[in-house]
Amino acid sequence: MILQLNLAAIAAIAGKAVWQKSKPIITKDVVFLPILGFLGIILLWWAVALVNHELMPTPPEALIANLDYILNPFYQRGPGNLGIGWLLLASLRRVLIGFLLGAVVAIPLGFLIGMSRPAMLALNPIIQIFKPVSPLAWLPIALAIFNLADPSAIFVIFITSLWPTIINTALGVASVPKDYIDVAQVLEMPRWRRITKIIWPASLPYIFTGLRISLGIAWLVIVAVEMLTGGIGIGFFVWDEWSRLNLSSVFLAVFVIGLTGLILDFAVGKLQEFVTHRPTTAK
């Protein structure tokens, strides 16, 4: 009996210690503060809707109006009448194709610029000229080249996702400690081996930073492009619902777009942790 009581006491003390250690995380850092911030946005929306209730729905009204989209995201009810899930997948397909094509081009260019001063002097002015150009400025050029909305949208994603990855890759390559390069030269290490064994691992955090920025820009741009080109996609859905003065669906689309962007960034961050074996944020 005494032994059982001692074991129970030890278990209680251990459980209390674990709870005391995890309580601040559970109730404050991870759950409470994000929920508090989100509730603040909901309350602000609610207050604005009450002031201008003729045009803007309150959060409960928007939820009820969008129940069909939420409960049946992948319905198909005729040509062009698709659930929001299909529209989201169509936009994601364009973004991922353009983003991956951009990464395939940008990473080697970044390595070339970071390792070669002549390449840097030749390409840096071009990057600085085209980098500030608005993504939508490329759309008429893309439409003139392809004469179709889908490849034009992919081209705009491609061209606008190049610059952050190129710049960050070049910065990462140029930031490799010179001592590492000197040791490789002393060991007479071939150039390709220097790249794969020294420069590539050292510059990976910079590369992934560029990729995350590029993917965020790509997801931002696709909504604007689809508003102008039409067709199937979450961006056109926003414009179409606004044309019908259906702000409830516009609010749903805004939430879906934001949540999808968050998931994309989280996925790239986890990929970075897997590849580099380092946490993306300080613990």
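Scroll up to find the structure.
What counts, and at which threshold
- Residues numbered from 1 in each chain as written.
- Predicted model: local features only at pLDDT ≥ 70, side-chain atom pairs only at ≥ 80, totals over all residues.
- Heavy atoms only, no water.
- Core = buried A, V, L, I, M, F, W, Y, C linked by side-chain atoms within 4.5 Å.
- Buried < 20%, exposed > 50% of the residue type's maximum accessible area, 1.4 Å probe, protein only.
- Helix = DSSP H or I, 4+ residues; strand = E, 2+ residues; numbered from the N terminus.
- Contact = heavy atoms within 4.5 Å.
- Expected span 1.5 Å × (residues − 1).
- Polar contact = N/O pair within 3.5 Å; in protein donor to acceptor, adjacent residues only side chain to side chain.
- Patch = residues over 30% accessible without salt bridge, like charges linked within 9 Å, V, L, I, M, F, W, Y side chains within 5 Å.
- Areas by Shrake-Rupley, 256 points an atom, 1.4 Å probe, with all protein chains shown as cover.
- Salt bridge = Lys/Arg side-chain N within 4 Å of Asp/Glu carboxyl O.
- Axes fitted to C-alpha atoms, helices over the stretch in contact; angles between N-to-C directions.
- Left-handed = near helix turned anticlockwise from the far one by under 90°.
- Nonpolar A, V, L, I, M, F, W, Y, C, P; charged D, E, K, R; others polar.

Q: Mind laying out the nonpolar core, listing which residues take part and the relevant values?
A: In terms of nonpolar packing, the biggest core is built from 61 residues, with Trp-219 and Ile-234 touching the most fellow members. Examining the composition of this core, we find that 13 residues originate from one element, helix H11 (residues 191-229), more than from any other. Those residues in contact with Trp-219 that sit more than four places away from it in its chain are Leu-88, Ser-91, Leu-92, Val-95, Ile-234, Ile-257, Thr-260, Gly-261 and Leu-264.

Q: I'd like a description of helix H13 (residues 247-276), backed by residues and values.
A: Here H13 contains 30 residues, and its C-alpha end-to-end distance of 43 Å stays within 8% of the 44 Å for a straight helix at 1.5 Å per residue. Following H13 by one or two positions, His-277 has its phi on the positive side, about 60°.

Q: Lay out unusual backbone geometry with the relevant residues and their values.
A: For Asn-147, which is not a glycine, the phi torsion comes out positive at approximately 60°. Relative to the assigned elements, Asn-147 resides in the loop between helix H7 (138-146) and helix H8 (149-160). With a relative accessible area of 64%, Asn-147 lands in the exposed category. A positive phi angle, near 60°, is found at Leu-245, a position not held by glycine.

Q: Hey, could you go over the environment of Gln-76 for me, with residue numbers and the actual values?
A: Along the polypeptide, Gln-76 turns up in the loop between helix H4 (67-71) and helix H5 (84-115). Setting aside anything within four residues of it in sequence, one finds Gln-76 in contact with Asn-81, Leu-82 and Trp-86.

Q: Describe the side chain of Thr-276, with residues and values.
A: Note on placement: Thr-276 falls in helix H13. At 2.6 Å, the side chain of Thr-276 and the backbone oxygen of Gln-272 are in polar contact. Not counting chain neighbours up to four residues away, the residues in contact with Thr-276 comprise Leu-204 and Phe-208.

Q: Can you break down a nonpolar patch on the surface residue by residue, with the values?
A: A cluster of nonpolar side chains, Phe-38, Phe-255, Leu-259, Leu-262 and Ile-263, forms an exposed patch at the surface whose accessible area comes to about 510 Å². Per-element accounting of the nonpolar patch gives the leading share, four residues, to H13. Relative to the assigned elements, Phe-38 resides in helix H2 (residues 32-51).

Q: A description of the packing of H5 against H11 should follow, citing residues and the corresponding values.
A: Orientation of H5 relative to H11, taken along the N-to-C sense of each, is 145°, at an axis distance of 8 Å. When the axes of H5 and H11 are compared, the crossing they make is right-handed. Here the residues of the contact of H5 with H11 are counted per class, giving 17 nonpolar, three polar and three charged.

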